[in-house]
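Descriptive structure summary
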Amino acid sequence: MAFKPQADSASGLIASTQPAVRLAQKHHLLVRVSHWLNVLLLAGLIVSGISIYWASPIYQHSPDSQTGNSDYFADAGVWFCAHVPGMHSYVSPPDWLYNHFSLGPYMLAPAMRLHWCCAYLFMVNALVYLAGLCFGGEWRSLLPRASDGRGALFMAKYYLSVPFALLRRCRRVPPRFNSQYNPLQRLAYFSIPIAGFLSVVTGWAIHKPMQLSWVAALFGGFDRARVWHFWLMFFFITFVVPHVILVFADGWDTVRSMITGWSKRWEMGGESH
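Each value, and the rule that gives it
Residues numbered from 1 in each chain as written. Predicted model: local features only at pLDDT ≥ 70, side-chain atom pairs only at ≥ 80, totals over all residues. Heavy atoms only, no water. Helix = DSSP H or I, 4+ residues; strand = E, 2+ residues; numbered from the N terminus. Buried < 20%, exposed > 50% of the residue type's maximum accessible area, 1.4 Å probe, protein only. Contact = heavy atoms within 4.5 Å. Areas by Shrake-Rupley, 256 points an atom, 1.4 Å probe, with all protein chains shown as cover. Core = buried A, V, L, I, M, F, W, Y, C linked by side-chain atoms within 4.5 Å. Salt bridge = Lys/Arg side-chain N within 4 Å of Asp/Glu carboxyl O. Axes fitted to C-alpha atoms, helices over the stretch in contact; angles between N-to-C directions. Parallel < 35°, antiparallel > 145°, perpendicular 65-115°, else oblique. Left-handed = near helix turned anticlockwise from the far one by under 90°. Nonpolar A, V, L, I, M, F, W, Y, C, P; charged D, E, K, R; others polar. Expected span 1.5 Å × (residues − 1). Polar contact = N/O pair within 3.5 Å; in protein donor to acceptor, adjacent residues only side chain to side chain. Phe/Tyr/Trp six-rings, centres within 6.5 Å; stacked < 30°, edge-to-face > 60°. Patch = residues over 30% accessible without salt bridge, like charges linked within 9 Å, V, L, I, M, F, W, Y side chains within 5 Å. pLDDT = per-residue confidence, 0-100.

If you tally the helices and strands in the chain, you get 10 helices and 4 strands. When the helices and strands of the chain are listed from N to C terminus, the series reads β-β-α-α-α-α-α-α-α-α-α-α-β-β. Of all 273 residues assigned to the chain, the portion counted as buried reaches 31%. Counting contacts in the chain only where the partners sit at least 6 residues apart, residues at least 24 apart contribute 61% of the total. Per element, the accessible surface of the chain, about 17,500 Å² overall, is 67% carbon and sulfur.

Put into structure tokens, the structure is as follows:
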């Protein structure tokens, strides 16, 4: 669907300098629904997972001589309360991080129930997402290509230079690629289903260490499976934060396409932008 420029009443010529707007279908309904559900499910998995981590931290050190802490997350809370103005009177500094980024300490049972509720829904939602990619044909655009490594470096360089360009008030032109997603986006989006699959497998290895000991053995044993699961959580966090920033930086059309499924394309002289 396109909105074409009107004819000039004086000359009868079409104003060729005015671009046409083409509405293009971008995301299947199942992709959009599962995308927004993933936001809620990942939030539930992370906050409940950090509460579970409190009960048995993976990374510990010898007990501190002053605080008795052996958990690095507790150390981070103590440091924060000691150095941030207004936080010196916090009741329990070792629990600051857990109180603000999880369900809180001493919440192991509720955290386990919420974690597995979100985990089951996460697995079902992943199937819905994959079905949407297949039905809408979007999976073709997400498959990595041989040249994506070099292209991803160009895009990373561009993204990193944008804040400096804004400070210097210089206009930066992004690299052009003849595809729906640039190479960095393809690699990032393609890695998410892989990380999701590994999260599910390591989660089952931790949940059923005896029945699924062979699964845990694939990751180096029970303790190593916990390490894998822990760092996969951080992988999702490090993906989501820049993803949200870049989506809003790209403009409202990107957000709208994930809500309505339609995207605007501006055309000038028959060329799509």
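On we go from here.
The biggest cluster of nonpolar side chains holds 11 residues, and these are Ile46, Ile50, Tyr53, Phe73, Cys81, Met87, Trp96, Leu97, Tyr98, Phe230 and Met233. For this core, the secondary structure elements donating two or more residues are helix H1 (29-55), helix H2 (72-83), helix H3 (96-101) and helix H9 (222-250). Those residues within four positions of Leu97 in sequence are excluded, and the remaining contacts are Ile50, Phe73, Ala76 and Ser102. By size, the runner-up hydrophobic cluster in this structure holds 10 residues, among which are Leu45, Ala119, Phe122 and Phe236.

Counted under the stated rule, the structure contains 1 salt bridge. Linking Arg186 and Asp148 is a salt bridge whose minimum nitrogen-to-oxygen distance equals 2.7 Å. One end of the pair, Arg186, is in helix H7 (residues 183-207); the other, Asp148, is in helix H6 (residues 148-168), and 38 residues separate them in sequence. Of the two residues, Arg186 and Asp148, neither departs from the other in class, the shared state being buried.

All right, on to the packing of H1 against helix H4 (residues 108-136) then. Packing of H1 against H4 brings their axes to within 8 Å, and their N-to-C directions diverge by 155°. As the angle between them shows, H1 and H4 are arranged roughly antiparallel. In this structure, the crossing between H1 and H4 has a hand that is left-handed. When the residues that make up the contact of H1 with H4 are grouped by side-chain class, the tally is 21 nonpolar, 9 polar and no charged.

Now for H4. Residues that lie three or four places apart on an α-helix share one face, since the helix turns once every 3.6 residues. If you check H4, its first and last C-alpha atoms are 41 Å apart, about what 29 residues at 1.5 Å a residue would give, namely 42 Å. Residues of H4 that are buried: Ala111, His115, Trp116, Cys118, Ala119, Phe122, Asn125, Gly132 and Leu133. Count one or two residues on from H4 and you reach Gly137, which has phi positive near 75°.

For the rest of this paragraph, the subject is H7. Taking 1.5 Å of rise per residue, the 25 residues of H7 would be expected to cover 36 Å, and the 36 Å separating its terminal C-alpha atoms lies within 8% of that figure. All of the buried residues along H7 are Pro183, Arg186, Tyr189, Ser191, Ala195, Gly196, Ser199, Val201, Thr202, Gly203 and Ala205. Its side-chain oxygen 3.0 Å from the backbone nitrogen of Leu184, Asn182 forms the N-cap of H7.

So, on to the packing of aromatic side chains. Following the criterion strictly, the structure yields 19 aromatic pairs and no others. Each ring, one from Trp96 and one from Phe101, has its centre 6.0 Å from the other, and the planes form 65°; the classification is edge-to-face. For Trp96, a relative accessible area of 12% translates into the label buried. Through a chain of ring-to-ring contacts, the aromatic side chains of Tyr53, Tyr59, Phe73, Tyr98, Phe230, Trp231 and Phe234 assemble into a single cluster.

One non-glycine residue with positive phi stands out, namely Tyr106, at about 60°. Assignment of secondary structure puts Tyr106 in the loop between H3 and H4.

For the pair H4 and H7, the least separation of the axes is 11 Å and the interaxial angle reads 140°. For the element pair H4 / H7, the angle class is oblique. Crossing of H4 against H7: the hand is left-handed. Each of Trp116, Tyr120, Phe122 and Met123 in H4 lies in contact with H7, whose residues at this interface are Gly196, Val200, Gly203, Trp204 and His207.

A separate point is a nonpolar patch on the surface. The grouping of Leu29, Val33, Leu37 and Leu40 at the surface amounts to a nonpolar patch, some 370 Å² of accessible area in total. Mapping Val33 onto the fold places it in helix H1. A relative accessible area of 40% places Val33 in the partly exposed class.

Attention shifts here to the confidence of the model for the chain. Across the chain, the average pLDDT comes to 84, with 87% of residues at 70 or higher. The low-confidence segment residues 1-16 (pLDDT under 50) makes 20 contacts with residues lying over four places distant or belonging to another chain. Ignoring residues within four places in sequence, the model shows residues 266-273, a span with pLDDT below 50, making 20 contacts including any to other chains.

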